[in-house]
Structure formats: C-alpha cells, structure tokens
Amino acid sequence: MLRFEDIIEKIQSYQPDCDTDLLRRAYIFSARAHQGVSRMSGEPYMVHPIEVAGILSDLKLDYVTVTAGLLHDTVEDSDATVEEIAEYFGDEVALIVDGLTKLAKIEFKTREEQQAENFRKMILAMSKDIRVIMIKLADRLHNMRTLQYLKPERQKAIAQETLDIYAPLANRLGLGRIKWDLEDLCLQYIDPEVYQDIVSKISKKREDREDYIQELIAIVNAHMDRHGLPGRVLGRPKHFYSIYQKMLKQGITVDEMYDLIALRIITDTTANCYAMLGMIHSLWLPVPGRFKDFIGVPKSNRYQSLHTTVIGPKGERVEFQIRTEEMHRVAESGIAAHWQYKEKGKVAQQDEKAFSWLRQLVEYQKEVTDSREFLDTLKIDLFTEVVYVFTPRGDVKELTMGSTPVDFAYSIHTDVGNQCVGAKVNGKMVPLKYQFKNGDEVEIITQAGHVPSRDWLKFVKTSKARTRIKHWLKQEEIKQSLELGREIFEKELKKHNINPLKLYKSPDMGKVLDAAGQPDADSLLREIGFGKISARQAITPLLPEEAPLAEMRDESLLKKVARKLAIKREKGVRIKGIDDIMIHFSKCCNPVPGDKIVGFVTRGKGVSIHASDCPNLYELEEDRERIIEVEWDVESVATYSAKITVFTVDKPGLLANVSTAIAAADSNISHADVTTSEDKRAVLNFVIEIKDTKHLERVMKKVGQVDGVVNVKRVTAG
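Per chain, the residues get numbers from 1 upward, laid out in the order the sequence is written. With pLDDT at 70 or above as the cut-off, local features in this predicted model cover only qualifying residues; side-chain atom pairs require 80 or more to be listed or tallied, and sums for whole chains, interfaces and linings still use all residues. Note that water and hydrogens are dropped before the side-chain values are worked out from all heavy atoms of the structure.

### Focus on the overall build of the protein chain
Under the scheme used here, helices are H or I runs from DSSP no shorter than 4 residues and strands are E runs no shorter than 2 residues, and both carry numbers assigned from the N terminus. Within the protein chain, the secondary structure is distributed over 28 helices and 20 strands. Exposure is judged per residue with a 1.4 Å probe applied to protein chains only, and the accessible area is read against the type maximum: over 50% gives exposed, under 20% gives buried, and values in between give partly exposed. Looking at the protein chain as a whole, 49% of its 718 residues are labelled buried. By sequence separation, contacts in the protein chain at least 24 residues apart represent 65% of the contacts at least 6 residues apart. Per element, the accessible surface of the protein chain, about 36,000 Å² overall, is 50% carbon and sulfur. Contacts are residue-level and defined by heavy atoms, with any inter-residue pair within 4.5 Å sufficient. All accessible-area figures derive from a Shrake-Rupley calculation using a 1.4 Å probe, and residue coverage is judged against the displayed protein chains alone.

Rendered as structure tokens:
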C-alpha cells in the first residue's frame, strides 16, 4: 500500500520547494474527516485519497494539486465545509475542492439527469482551474481499480460512463497513461469474457514476444551507434482495449492479430526523429499506408510522434513510434507536461489554442439549458478527430473530421453561418454537405436575409454549428408559437364576446395569468401555441360559473391530439393516462421490452415508440412537447423483432451452427443475410423474434459460444 511519505518524496523530486507542511496538514485533516469510514473493499477510506494523491504525483503535478487531491472528498463525505478548507489551506485549494464537490444536495428525476448536470458543473469548474479535472481523472482511475467490490450492474454502468466520458477526456488532455489504464479497466467489466481471452492469449505469447523485442532492440541500437544517432529504444506493450478495437474493426480473433509488437525510439531532436525514420526504413520494408507524421501535423491534444509499421525479422509486422524526450513527456502526461506552477490552474498561454475546445464547451453550456443535451455536446467534442482546412487568406482552421462548409461558416461567425448559401472548395462549387479533406481551401458564399435550415442538423459535425442552428430554430419556434397562440387565444375570446385588446389592458388579464401560472401575456400565448395550455382552459376565470366544464380538465393538448389519432392499441405498450392509441414501433432503433422507451406524437400516424437513447430523438427534441411518457405492458404476451450482427470466420457449416444456437435459445429467425470477404471473414445479419432484452441477451450469449464466432452485436439503427 502506498505510504504518505512516499508521496512527499515523489513531489520533492520534481518540486523541491514544495510546502510539505501544507501537505501533512491536508493528510491529517482528511484522515480525521474519514475516520471510522471504510470502502466497499473493507479498507479504511483514507486509502482512496492517498492513492489519488499518488496518481497526481506520478503525473508530477504541483503540491497544491496533490493537497486538493488529499482533500477532494472531505466536503462531500463529512461535516467539513469549503469555508473551512479555505481557512486552513487557502483559497486556491478551496476553489479546486469546491469544483470537485458533487451535487449531492440536489434531487434529480433520473440518474441520467444527475449525471448530465454533474458533468456540466465539472466543465465549468475545470474552466476556472484545469487541476479540477486532473484530480477527477485520478479519482476515477483509482475507483476503477477497485471496482470489483461493487455489484455487477453498478460495475458495468460505471465502466460505460468512464469509457464514454472520462477516457476520451483524458485523451483530449493528452493524458495517455491515464487513458490507456481507464480503457483497459473498462473493458474488463464491459466485456469480461473477451478481456480474459485477450489477457490469457497475450500472456502465453509473452516470453517469445519479449525475446523477439530484445532482438529488435539490439539491431536498432547497433545501427544507431553506427550512424551516430543518440537515443534509447523501448518495448511498448499494446494495451488490451486497442487490441479489442482492432478485433472488432477487422473482424478477427486475438490469435490472428499480426502487429502486437511495438517499439518506441526516443531521441534528442526533431531532425534526429526523421533520421531515425530513414534508418528504420533502410533496415526493413515499410508497410504502405501505415506511416503517419504527427510531428509535422500534431494531434489536437499536442501529441507528436512519427508512426511507421515495417516487416521486421521473420516476417513479423513491427510498429515504431519515434519522438523526442519532450514529445514523450507530452504524450505520457499531456497538459500536465506543460504545467507552470505560477499559472495557478490556468492553461499556459502557448497551450491555449490546443485546449480551445474547453473554452468553447464553456460557451455552449451557457446556451444549452438542457443538461442532457449539453452531455451529448460534450461527447461529440471529446471523440473528435480533426481535419485542417484553409481560408482564402491562408489561415488554418481546425475542424471536426467530417465537417462541412456549414461548420466552417459557423466557425467564422454565427451570422456567416446563418446566411451561408453555398461554398467553393479549391475554387469549385460544392454542396453544403460536402465533407472536407485535409488541405482544402474554403470560401463561403453568404446572402443577406438567408436563414438556417433544419436539414443542416442532419450533416453538421461541430458542436458550435449544431448549437447555433438549434438556437436559431428554437427562437423561430418560440416566435411562431407566440403568433399561433395569439391567434388561437383571440379566437376563443371572440367566441365568448370578449374584446382581446381591452382584455390585455384590463385587471382581468391578471386573473387569467394567475390561473394559468404564467408571468405575462407573451408566456401564456407561447404556452397555448405550444399546446401546453388550451385557450378554453385559459379563459375559465372570465366565464360564468354555469359554463360547461367538460373541456376544462387538466389535460394537455397533446393527449387530446393523441385521442383523435386513436385507432387501435398494439399489444406490448401503453401510454400513461391514455387508452386506445394507434402505436407503431420505430424502425430506426427497434426497441424491445426491457429497453427504456418514449413516445412521439406524429402528425397523422399516431404515436411512434423509440428507445430513449435513439439517435433520432436528438432531432425530435426540437419538438420536445410532442414527446410523451410510455411504458411496456408487462401483462401482454408478444414477440418483437430485434436485429443482431454476428462476426465470424468463414468456414463450412458455421451459418447452420449459428442458426441452431438461435433456435436453442427459443428464438425464431425472420430474416438472414450473409456477406463474406476475401480474408476468410463473414458477417451474418439476422432479424430474430424475442420477448424482451433478457431473452435477447440469452440468444446473443448462446451465439457467442459457437466455435468460430468472433463477436455478436445488437443493431439498434434501422
């Protein structure tokens, strides 16, 4: 177990003038705050903040960060307050600890809403002090290392959250070691069988592989001496998650992986990096298409290296990464490698461009009021690869891979984006959905008075473009709802011989607003236009008491619309508070019992049922008022169609074996097709009949056990 004195020694090795007294006081304060508390493992809780502090010191972060790491859970888990932290340890430490404190006192309707709001706060806190996220990542890494003590369902949920957000965030910040560790730990819980298979098979080959690596290192060292090139050569183990990704992408097994051998050459200068590359290519034949120059064009997180793959001795493929000592430090520790203690949590000026995405995220969160929508924006920004394009003046623009002229236009200015009508790329007119290639020169054509189109949301890639388009559409929708609401409201008034103009100026309008719970007339009219309040219901305070109340029930307009659409109720789903509704299951996500679902009131086609995580809901959220609550009818007995894809080796009898496995799991096949490739791989697509998600999992597990099957996936897209 890591000792506190070990942490002190580590920090003093890279920051000799650190305040050891502050660190010791933080250790004592944290130990008292967590006294008598144990973790799920049975260990004293204090083990956790010490391990977090150890990870931070491994990253060579300043003593203030490590102090905050020791204290990061004290406010949340004890009676300690942020004010006490400020009094005892200073405002700088208190600001970081406050940024790390979770929203424990706020109640949320769903776990997803809580998660989304926590990430919003985290982004805001890290914009004030980047050290907040460094500690958060260290905290998550140690929690992942001790995840085995939680229940399986919690293990998988936390691992998935980590893979979705924290690992990509570590990558964006250039924290390579943290990213690799997190991904490998996530795989262990998300797909434990595959993880164990990879680990066991890699372990069996380790001795032979290490002998081969030592042989390669000896050859490279000898040629470095001969050419007078300074440097060192290291064996670089490929982490399990990258192997897993390659297996999925290429549809192969671990046994068929051919480039598990990787070496890293670290030298003194950029010029010598290229000299090393020439030396390697003179020794062994390079594999076409496998060379990448991340020194000339660094990654967006400032990662720099030369990557090449060659055919080494005995015909083995070997990957080389060549970099300088400084590049190596940045690749391992990312933003931590640029640390300037005097900056007090700010990103150094020379690094601001590399981390401009963080500033943009902070701007977006001000505009996006829905936390779940902000979380979606965050995921988009974290997973991006980039493309570099030029303005007509030669300025370089870095955009998300797959970006279009509309994305480019919004990157210049919101007005340019809104008024974009066309674009020239390399001097030729292109469609607005054209996807840029590296080096494209782009000229945007605008037209005054032009407005954004909802269709743009189908192809834009950047968060900025998506946010600006949705903001414009929302404002336009509000304007239209106001006009429609006014028309409906005033028609209803005239039915009862009430003059609208006089009402707006009279005290009676106050009664109407109070009864409707609205602050002003515009708000009331918008709600009527949106269909949230009926005009009849709104004017109830103005009508005689004997007026019929049949239409004044507390019922939304959408439910009335749904009643008018009523034709039949399909077995398996019920709408809360409504019976006899025409229902159909959307083909874009194919929901089955066990999936979380929502309903969308369509125009003339009843209610379409979507999985709550259906990608198409992202666009439907523009009409959020049409989304209604639905639930599975557990009393009904019905079967549902589900799509699965099976990746296999191509050998005789495999289709029959997979079909038998599906039948053995009590499922029928309603459709099947098979595609094969020249490299002896096959992809089997099935539409099967199942009862619920548990039944589907049982079928997939059975299929996964068939000899020759590499992977089985559920397909949720149409």
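What follows continues from the structure just given.
### Brief notes about the nonpolar core
Within this scheme, the nonpolar core is defined by two criteria: the residues are buried Ala, Val, Leu, Ile, Met, Phe, Trp, Tyr or Cys, and they are joined through side-chain atoms within 4.5 Å. In this structure, Ile 85, Leu 137, Met 144, Ile 178 and Ile 198 are the most contacted members of the largest nonpolar core, which totals 72 residues. If you look at the next biggest cluster of nonpolar residues, it comprises 31 residues, including Phe 585, Ile 609, Ile 644 and Val 658.

### Describing the sheet that holds strand β17 (residues 640-649)
Only strands that DSSP links by at least two bridges are regarded as paired with each other. On the basis of which strands lie adjacent, the open sheet formed by 4 strands has the order β18-β19-β17-β20 and antiparallel pairing. Because the sheet does not close on itself, it has two edges, and the strands there are β18 (668-676) and β20 (709-715). Taking each pair of neighbouring strands and ignoring which way they run, the sheet shows an average axis angle of 20°. Bridge analysis of β18 against strand β19 (residues 681-690) gives 8 bridges, and the strand direction is antiparallel. Residue pairing in the sheet places Val 674 in a bridge with Leu 684 of β19. Lines fitted to C-alpha atoms define the axes here, with helix axes fitted over just the stretch in contact, and angles between the N-to-C directions of these axes take values from 0 to 180 degrees.

### Things to note about helix α28 (residues 693-704)
A helix is expected to span 1.5 Å for every residue after the first. Along its 12 residues, α28 runs 16 Å from first to last C-alpha, staying within 8% of the 16 Å computed at 1.5 Å per residue. Taken together, the buried positions of α28 are occupied by Thr 693, His 695, Leu 696, Val 699, Met 700 and Val 703. Seen end-on, α28 carries its buried residues on one side only, within an arc spanning 155°. Seen from the open side of α28, the exposed residues pointing more than 90 degrees away from its buried face are Lys 694, Glu 697 and Lys 701. Directions pointing from the helix axis toward each C-beta atom define the arc.

### Digging into the pairing of strand β14 (residues 597-601)
Side-chain positions along a regular strand alternate between the two faces of the sheet. Most of β14 sits inside the fold, with 5 of its 5 residues counted as buried. Of the two faces of β14, both are covered, the one formed by Ile 597, Gly 599 and Val 601 as well as the one formed by Val 598 and Phe 600. Sheet analysis places β14 next to strand β15 (residues 607-611), joined by 5 bridges and oriented antiparallel. Across the sheet, residue Val 598 finds its bridge partner in β15, namely His 610. Pairing of β14 with strand β16 (residues 627-632), which is carried by 3 bridges, proceeds in the antiparallel orientation. Pairing of Gly 599 across the sheet is with Ile 628, part of β16.

### Quick notes on the packing of aromatic side chains
Whether two aromatic rings pair depends on their centres lying within 6.5 Å, for rings of Phe, Tyr and Trp, where Trp uses its six-membered ring; planes under 30 degrees apart make the pair stacked, over 60 edge-to-face, and the rest tilted. Evaluation of the coordinates by the stated rule reveals 11 aromatic pairs. Consider the rings of Tyr 195 and Phe 240, whose centres lie 5.7 Å apart with planes at 90°: the pair is edge-to-face. Pair noted here: Tyr 195 is in helix α12 (residues 192-227) and Phe 240 is in helix α13 (residues 240-250), with a separation of 45 residues, a long-range link. Just above the ring of Tyr 45 sits the side chain of Arg 39; from NZ or CZ to the centre is 6.0 Å. Placement of a positive charge over a ring is assigned whenever Lys NZ or Arg CZ falls within 6 Å of the ring centre and within 35 degrees of the normal to the ring plane.

### Re a negative patch on the surface
Note on patches: the residues involved have over 30% relative accessible area and no salt bridge, like charges join within 9 Å, and the nonpolar side chains Val, Leu, Ile, Met, Phe, Trp and Tyr join within 5 Å. We define a salt bridge as a side-chain nitrogen of Lys or Arg found within 4 Å of a carboxyl oxygen belonging to Asp or Glu. Positive residues here are Lys and Arg, negative ones are Asp and Glu, while His and the chain termini are left out of the count. Charge coordinates come from a single atom per side chain, which is NZ of Lys, CZ of Arg, CG of Asp or CD of Glu. A surface patch of like charges, here negative, comprises Glu 207, Asp 208, Glu 210 and Asp 211. Mapped onto the secondary structure, Glu 207 falls in helix α12. The class for Glu 207 is exposed, based on a relative accessible area of 60%.

### Here's the deal with the sheet that holds strand β9 (residues 420-425)
Strand order across the open sheet formed by 3 strands is β10-β9-β11, with antiparallel pairing between neighbours. Among the strands making up the open sheet, the edge pair consists of β10 (428-430) and β11 (442-446). Strand-to-strand twist in this sheet, taken as the mean axis angle between neighbours without regard to direction, amounts to 35°. With 3 bridges connecting them, β9 and β10 associate as antiparallel partners. Directly across from Lys 424, in β10, lies its bridge partner Met 429. Strands in contact with helix α18 (residues 405-412) are β9, β10 and β11; relative to β11, the strand with the most contacts, it is inclined by about 80°.

### Quick word on the packing of helix α27 (residues 654-664) against α28
It is the contact of α27 with α28, at a shortest axis distance of 8 Å, that shows an interaxial angle of 145°. Judged by the twist between their axes, the crossing of α27 over α28 is right-handed. Seen from α27, the contacting residues are Val 658, Ala 661, Ile 662 and Ala 664; seen from α28, they are Val 699, Lys 702 and Val 703. Looking at the contact of α27 with α28 residue by residue, the classes come out as 6 nonpolar, no polar and 1 charged. Crossings are sorted by hand: turned counterclockwise from the far helix by less than a right angle, the near helix makes the crossing left-handed, and turned clockwise it makes it right-handed. Throughout, the ten residues Ala, Val, Leu, Ile, Met, Phe, Trp, Tyr, Cys and Pro are labelled nonpolar, Asp, Glu, Lys and Arg are labelled charged, and all others, Gly among them, are labelled polar.

### Focus on the pattern of salt bridges
The full count for this structure, using the stated rule, is 22 salt bridges. A salt bridge links Glu 92 to Arg 131, with the shortest nitrogen-to-oxygen separation between them at 2.7 Å. With Glu 92 in helix α7 (residues 91-100) and Arg 131 in helix α9 (residues 131-145), the pair connects residues that are 39 residues apart, well separated along the chain. When its relative accessible area of 26% is taken as the criterion, Glu 92 is described as partly exposed. One salt bridge connects Lys 651 with Asp 707, and the closest N-O pair in it is separated by 3.1 Å. With Lys 651 in the loop between β17 and α27 and Asp 707 in the loop between α28 and β20, this residue pair connects regions lying 56 residues apart in the sequence.

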